[in-house]
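Descriptive analysis of the structure
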Amino acid sequence: MLSIKQSPYYHRAFQELNYAHGDYYLFEHFIIAEIKEDIIFNWKEHAKHVVAEISDLYENNGQDLVYISNRVNNYSVVPTDWVHFFKYQYNLKGYAVVTSKKGKAWYNSLLEKMFVRNQMQTFMELHEAIEWAESLYRAKKALRSAV
């Protein structure tokens, strides 16, 4: 599975945020996260700080962003921690998981889907998730133009 750094999309990121637990690549309408091996990703230790910083950078609560989790490494997510995300009024236009296998990571994403209030899709290729994120942006833009 390709890391964003190995893809033709990497040069389009306008900023890269690096933390001990993972790397985040910021694009105009979406964010790609690559969490490091064996991390147990949770709200208190990881997401809370990242969400606050990204919200400041985009100057919104995420409502116009798609979060793409590019799962190039094996790690775990605490799915019930999504409650904290919504408790603090953060919203996403969509959430995508990219995983190369229909194994544990694929089934974990299905479990996460039970806790996510936004549109969520699971993909096997990074470019498919990026195309989906861009299609959500185009659809919203078309809707705004029609009003």
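Please refer to the structure placed before this passage.
Below, the structure is looked at part by part. All values derive from a computational prediction rather than experimental measurement. (Residues numbered from 1 in each chain as written. Predicted model: local features only at pLDDT ≥ 70, side-chain atom pairs only at ≥ 80, totals over all residues. Heavy atoms only, no water.)

1. Re the overall build of the protein
Rules: Elements are defined by DSSP. Helices are runs of H or I of four residues or more, strands are runs of E of two residues or more, and each kind is numbered from the N terminus. When a residue's accessible area, from a 1.4 Å probe over protein chains only, is under 20% of the maximum for its type it is buried; when over 50% it is exposed; and in between it is partly exposed. When checking whether two residues touch, look at their non-hydrogen atoms; a contact exists if any pair is within 4.5 Å.
Looking only at helices and strands, the protein features 4 helices and 8 strands. Beginning at the N terminus, the succession of helices and strands in the protein can be written as β-β-β-β-α-β-β-α-β-α-β-α. The proportion of buried residues among the 147 residues of the protein is 46%. Considering only intrachain contacts with a sequence separation of at least 6, the fraction spanning at least 24 residues in the protein is 68%.

2. Here we look at the pairing of strand β7 (residues 94–98)
Rules: In this description, strands pair whenever DSSP reports at least two bridges between them.
Across the 5 residues of β7, 5 count as buried, placing the element largely inside the fold. Burial along β7 is two-sided: G94, A96 and V98 facing one way and Y95 and V97 facing the other are all buried. Strand direction decides the pairing type here: β7 and strand β8 (residues 119–123), joined by 5 bridges, are parallel. Each residue of the ladder has a partner; that of Y95, found in β8, is M120.

3. A short note on the sheet that holds β8
This is how the line gets drawn: Lines fitted to the C-alpha atoms define the axes, with helices restricted to the stretch that makes contact. Angles between their N-to-C directions range from 0 to 180 degrees.
What the 6 strands build is an open sheet, ordered β1-β2-β3-β5-β7-β8; its pairing is mixed. Each of the sheet's edge strands pairs with one partner strand only, and the pair in question is β1 (15–18) and β8. Direction aside, neighbouring strands of the sheet carry axes that sit 15° apart on average.

4. Notes on the nonpolar core
Put simply, the rule is: The nonpolar core is taken to be a set of buried Ala, Val, Leu, Ile, Met, Phe, Trp, Tyr and Cys residues, with the residues joined through side-chain atoms within 4.5 Å.
Counting 21 residues, the largest nonpolar core has Y24, I31, F41, I54 and Y67 as its most contacted members. Looking at this core, the elements with two or more residues in it are β2 (22–26), β3 (30–35), α1 (43–58) and β7. Each residue touching I54, except ones within four places of it in the same chain, is listed here: L17, Y24, I31 and L65. In terms of nonpolar packing, the next biggest core, distinct from the first, is built from 17 residues, I4, V66, I130 and L136 among them.

5. Side note on the pattern of salt bridges
Note the threshold: We define a salt bridge as a side-chain nitrogen of Lys or Arg found within 4 Å of a carboxyl oxygen belonging to Asp or Glu.
Counted under the stated rule, the structure contains 2 salt bridges. Taking the shortest distance from any N to any O, the salt bridge between E16 and K5 comes out at 3.6 Å. Of this pair, E16 sits in strand β1 while K5 sits in the segment before β1, and the two are 11 residues apart along the sequence. Exposure remark for E16: the relative accessible area of 25% places this residue in the partly exposed category. Its salt-bridge partner being R12, residue E134 comes within 2.4 Å of it at the nearest N-O pair.

6. What to know about the environment of Y25
With respect to the helices and strands, Y25 occurs in strand β2. When the C-alpha atoms of Y25 and F14 are compared, they prove to be 7.7 Å apart, with 11 residues separating the residues in sequence. In contact with Y25, not counting residues within four places along its chain, are I4, K5, Y10, A13, Q15, E16, F30, I31, I32 and E34.

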